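Residue-level listing of the chains:
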Amino acid sequence: MALAGVRVLELAGLAPAPFCGMILADFGAKVIRVDKANTMYTSDTMARGKRSIALNLKSPEGIGVLKTLCKKSDVLIEPFRHGVMENLGLGPEVILKENPQLIYARLTGFGQSGKYAKAAGHDINYVSISGLLSRLGKHDENPTFPLNLLADFAGGSYICALGIVMSLFERTRSGQGQVIDSSMVSILQTQESNLW
C-alpha cells in the first residue's frame, strides 16, 4: 500500500475529516481517530481501517497525551474553526516545534483567515457562499442542493488528502513538515471560476 508506515492522527469531527482519514487509511496509513472523552456514541460511519482513542482535550493530561502522539505521527488532521487548537495550546506553532516533520492539516469550511474564519457552517453554506450553488439545477429554477458531495467530500476530504500526500512527498526532499490550510469555500470558489 502506498501509505504503509504513515502515521495519522485524526481529531474527531464531522464528515470531511473522517472521510479524509478513511481515504488515507484505505491507502495503507495507520489512522488513529481521537474522540472526545465521555462520549457514549460516535456517529463516525467512516471509521473503516482506523483505531480510536478517547481524550479530554480540555484537561492537561489529555493535551499531554495528544502532544506525545503528535511527536510520533506524520500527519495531524484537525477539523476545528480558527483559534480552537490555539486556545488549547495545540496550534501548529506549538506542535511543529515538538515535531518539525509533522504535516498539520487544517480542514475547515472557511479557512484560517477572513471574516468567516470563526463562523460555524455546513456544506450548504460553503457551496452557497462560494457561488457554486447558483450554477446547479435547471435554467430559471431554484438551485438543486447536491447533498454534501461538493464541499464536504470533493472540496474538503479529497483536496485535503491530496494536500497531505503532496506534503509527505515534499517532506522527502526538505525533511520538513508544513501546515495545510484546506478551506472548502476557497476550493469551491476556484472550481466555480474555472467552470465559467
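What counts, and at which threshold
For every chain, the first residue of its written sequence is number 1, and the numbers climb from 1 along that sequence. Totals for whole chains, interfaces and linings use every residue, but because this is a predicted model, local features are given only for residues with pLDDT of at least 70 and side-chain atom pairs only at 80 or more, for both listing and counting. Heavy atoms from the whole structure form the basis of all side-chain values; hydrogens and water molecules are not counted. UniProt positions are given in the numbering used here, feature names are shortened, and annotations may be inferred rather than shown by experiment. Each helix corresponds to a stretch of at least 4 residues labelled H or I by DSSP, and each strand to a stretch of at least 2 residues labelled E; elements are numbered beginning at the N terminus. The classification of residues rests on relative accessible area computed with a 1.4 Å probe and restricted to protein chains. Under 20% of the type maximum is buried, over 50% is exposed, and intermediate values are partly exposed. Think of a salt bridge as a Lys or Arg side-chain nitrogen and an Asp or Glu carboxyl oxygen that are within 4 Å of each other. At least two DSSP bridges between two strands are required for those strands to pair. Angles shown run from 0 to 180 degrees and are taken between the N-to-C directions of axes, each axis being a line fitted to C-alpha atoms and, for helices, limited to the stretch in contact. Any pair of residues with heavy atoms lying within 4.5 Å of one another is described as a contacting pair.

Labelled according to an unreviewed UniProt entry, the protein chain appears under the name Alpha-methylacyl-CoA racemase, originating from Engystomops pustulosus. Annotation of the protein chain in UniProt includes, under Sequence similarities (unreviewed entry), the sentence "Belongs to the CoA-transferase III family."

Undergrad: Just give me the short version of unusual backbone geometry, but keep the residues and values in it.
TA: Despite not being glycine, Asp 140 has its phi angle at roughly 65°, a positive value. Here Asp 140 lies in the loop between helix H5 (123–130) and helix H6 (149–174). Accessibility expressed as a relative area gives 69% for Asp 140, which makes it exposed.

Undergrad: Give me the lowdown on helix H1 (residues 16–26), citing residues and values where you can.
TA: Since one α-helical turn is 3.6 residues long, residues separated by three or four positions face the same way. For H1, the tally of buried residues reaches 10 of 11 residues, placing the bulk of the element in the interior. The complete set of buried residues in H1 reads Pro 16, Ala 17, Pro 18, Phe 19, Cys 20, Gly 21, Met 22, Ile 23, Leu 24 and Ala 25. After H1 finishes, the residue Gly 28 shows a positive phi value of roughly 105°.

Undergrad: Talk me through the pattern of salt bridges; I want residue IDs and the actual numbers.
TA: Summed over the entire model, instances satisfying the criterion amount to 8 salt bridges. Across the pair Asp 74 and Arg 7 runs a salt bridge, and its minimum N-O distance is 3.8 Å. One end of the pair, Asp 74, is in the loop between helix H2 (60–71) and strand E4 (75–78); the other, Arg 7, is in strand E1 (residues 7–11), with 67 residues separating them in the sequence. The class for Asp 74 is buried, based on a relative accessible area of 9%. Classification of Arg 7 by relative accessible area gives partly exposed; the value is 37%. One salt bridge in this structure joins Arg 48 and Asp 26, with 2.7 Å as the shortest N-O distance. Taken together, the positions of Arg 48 in the loop between strand E2 (30–36) and strand E3 (50–55) and Asp 26 in helix H1 put the pair 22 residues apart, joining distant regions of the chain. Asp 26 sits in the partly exposed class, given a relative accessible area of 32%. Overlapping salt bridges, with partners in common, bring together Arg 7, Asp 74 and Arg 171 in one network.

Undergrad: Got a sec to walk through the sheet that holds strand E6 (residues 178–183)? Specific residues and values, please.
TA: Here we have 6 strands laid out as an open sheet, ordered E3-E2-E1-E4-E5-E6, and parallel in their pairing. Both edges of this open sheet fall to E3 and E6, since each of them pairs with a single strand only. Neighbouring strand axes in the sheet, compared pairwise and without regard to direction, differ in orientation by 20° on average. For E1 and E2, the ladder comprises 5 bridges, and the chain directions are parallel. Note on E2: the bridge partner recorded for Val 8 is Val 31. Against the sheet, H2 makes contact with E1, E2, E3 and E4, and its axis sits at roughly 150° relative to E3, the strand it touches most. Each of E4, strand E5 (103–108) and E6 is contacted by H6, which is oriented at about 160° to E6, the strand it contacts most.

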